[in-house]
Amino acid sequence: MQKLVVTGGQRLRGELSLQGSKNSALPIMAAALLCGEDCTLKNCPKLTDIYAASRILNCVGCRCLFSDECVVISSENISETAIPEELMREMRSSIIFLGAMLGRTGECTVCCPGGCELGPRPIDMHLTALRKMGADIRESYGKIICRIPERAHGARISLPFPSVGATENIILCAVTADGETVINNAAREPEICDLCGFLRACGAEISGDGESRIVIRGREGLHGCEYSIMPDRIAGATYLSMTAATRGEIILKNACAAAMEPFISVLEQTGCSIYASRDKIFLRSGSRLKAVNERIRTMPHPGFPTDAQALLMAALVTADGTSIFEENIFDCRYRHTDALVKMGADIQVLGKTAVVKGVERLYGANVEATDLRGGAAMVAAALTADGKTEIGGISHIDRGYEKIEDAVRSLGGNIKRV
Ligand code: EPZ
């Protein structure tokens, strides 16, 4: 069992080039299935979730060829329409293959997806929308069997909540459907725009992405393309939080400053100096951080991202004053707080609220990552702690960070994988 061993006390300093976005790359890999030709994806991160997506593609008959610079996905022949349970359970994003498979072959059998334990993560919005587009969906002994007799048809779909995954699944099914699909209350996350950018490069007709109303005009076939995945804004938030917490200085290169604005505008309130150009972000944090005065409410984009909640909290546990978080997206996204408290943090969780009273210092401890961002938050806290912290459960962290220990070490952090 691997662990990360972190000895705190170093200020992070230096330059770091951001990895490509996991949450863009996964739906784009599913979208490549629609093309029937080669798609070349550049800036695709090398992560366990990406390899899980490539296993799903291989299982249905596609080929994925990884090299240092890119991954090439060939989807000429689809030979299988059922995705086995063990692949579905590897990650939440496996459900995104449902919309793409229905668009390409008109049938697909899946089961409920796995992923981080953040509370109940139903797929009712995905299934309701796909039914509206003509899918016949039956559930039998844990399997979800979906079939579209002819071709999917366009539909007007109003989502009860701007779900990222449901918006992606609808888009993936709609691009090759017959007629126009309108999604109202669509998710506006930058990764949705990246997926649509990829699909447009393959010939799809989509407008309104980045807004709440997306319109997709279906067409019969898409073609292959070469596309560069956007930088990972949550990995960006991670390294900025770590640098802020250790009172360091960083230049993030290959960053997406505009997509990170909702996070940066809150981080700035801690007293850090932050300057951003289009693809670079500079942060300097010379002294103890200040607590954030306003409630930090996680909201769909362009609100404060739920994926950055644990990371900012790890920086604020040693800030001067009290910060209050409100988690509005997932029911169970404070599981990292037990580890932070074990390290000396003062955090009270009451339902969706977490009250963080800044303490002078944290102390190294043995802790266990229970989800991806919570695990990265433990690394951030450990970098500020006195002494050594051992973090177990790091397979969660590897799902979203390309060699996190190399990135942190390149900035001067004392971290090793054992
Ligand atoms: C995506 O998950 C991201 N994952 C998550 O990132 C991110 O936290 C989340 O969006 C919110 O931004 C990927 O992109 C792979 P949702 P997703 O559907 O699509 C409820 C990370 O750390 N809901 O927007 O699963 C749901 O339970 C990961 O990288 C329903 O009730 O998120 C949740 O409370 C973790 N019914 C809320 O909506 C549905 O049918 C938001 O979920 C669908 C969702």
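Our structure's up above, just so we're on the same page.
Being a predicted model, the structure only gives us computed values, none of them experimental. (Residues numbered from 1 in each chain as written. Predicted model: local features only at pLDDT ≥ 70, side-chain atom pairs only at ≥ 80, totals over all residues. Heavy atoms only, no water.)

Digging into the sheet that holds strand 10 (residues 180–184)
So the rule is basically this: Two strands make a pair as long as DSSP finds a minimum of two bridges between them. Strands here mean DSSP runs of E at least two residues long; helices mean DSSP runs of H or I at least four residues long; both are numbered from the N terminus. The convention used is that axes are lines fitted to C-alpha atoms, helices contributing only their stretch in contact, and that angles between N-to-C directions extend from 0 to 180 degrees.
Taking strand neighbours across the sheet as the criterion, the four strands line up as 9-10-12-11 in an open arrangement whose pairing is mixed. The open sheet terminates on both sides in strands that have one partner only, identified here as strand 9 (156–158) and strand 11 (205–207). For this sheet, the mean angle separating the axes of adjacent strands, direction not counted, is 15°. The sheet contact formed by strand 9 and strand 10 spans three bridges and is parallel. The partner of serine 158 across the bridge, within strand 10, is asparagine 184.

Focus on the site of the ligand
Quick note on the threshold: Residue proximity to a molecule or strand is established when one non-hydrogen atom of the residue lies within 4 Å of it. Here a polar contact is taken to be a pair of N or O atoms separated by no more than 3.5 Å, where protein atoms must pair a possible hydrogen donor with a possible acceptor and residues adjacent in sequence count only if both atoms sit in side chains. Surface accessibility follows the Shrake-Rupley procedure with a 1.4 Å probe radius. Residue values consider only the protein chains on display as shielding. The nonpolar class holds Ala, Val, Leu, Ile, Met, Phe, Trp, Tyr, Cys and Pro. Asp, Glu, Lys and Arg form the charged class, and all remaining residues, Gly among them, are polar.
Near the ligand, the surroundings consist of 23 residues, among which Asp124, Ser163, Asp307, Ile329 and Arg373 are the closest. A distance of 3.0 Å separates an oxygen atom of the ligand from a polar side-chain atom of arginine 92. Contact distances for the ligand include 2.5 Å between an oxygen atom and a side-chain N or O atom of aspartate 307. The fraction of the free accessible surface of the ligand (830 Å²) that becomes covered by protein chains is 88%. Tallying contributions element by element places helix 5 (residues 124–132) first for the shell around the ligand, with three residues. Considered class by class, the residues forming the shell around the ligand number ten nonpolar, six polar and seven charged.

A closer look at the sheet that holds strand 6 (residues 107–110)
Neighbouring strands of a sheet are bound in pairs by backbone hydrogen bonds; such pairs are parallel or else antiparallel. Strands sit in the order 6-8-7 across an open sheet of three strands; the sheet is antiparallel. Only two strands of the sheet have a single neighbouring strand rather than two, namely strand 6 and strand 7 (136–140). Pairs of neighbouring strands in the sheet enclose a mean axial angle of 15°, with direction left out of account. Bridge count between strand 7 and strand 8 (residues 143–147): five bridges; the pairing is antiparallel. Within strand 8, the position partnered with arginine 138 by the bridge is isoleucine 145.

Considerations on the packing of aromatic side chains
To be explicit about the condition: Within 6.5 Å between ring centres, the rings of Phe, Tyr and Trp (the latter by its six-membered ring) count as paired, and their orientation is classed by plane angle as stacked under 30 degrees, edge-to-face over 60, tilted in between.
A full pass over the atoms with the stated rule returns five aromatic pairs. Arranged with centres 6.4 Å apart and planes meeting at 85°, the rings of tyrosine 239 and tyrosine 401 form a pair that is edge-to-face. Here tyrosine 239 is found in helix 8 (residues 233–245), whereas its partner tyrosine 401 is found in the loop between helix 13 (395–398) and helix 14 (404–410), with 162 residues between them in sequence. Residues phenylalanine 263 and phenylalanine 304 carry aromatic rings whose centres are separated by 6.0 Å and whose planes lie at 35° to one another, so their mutual orientation is tilted.

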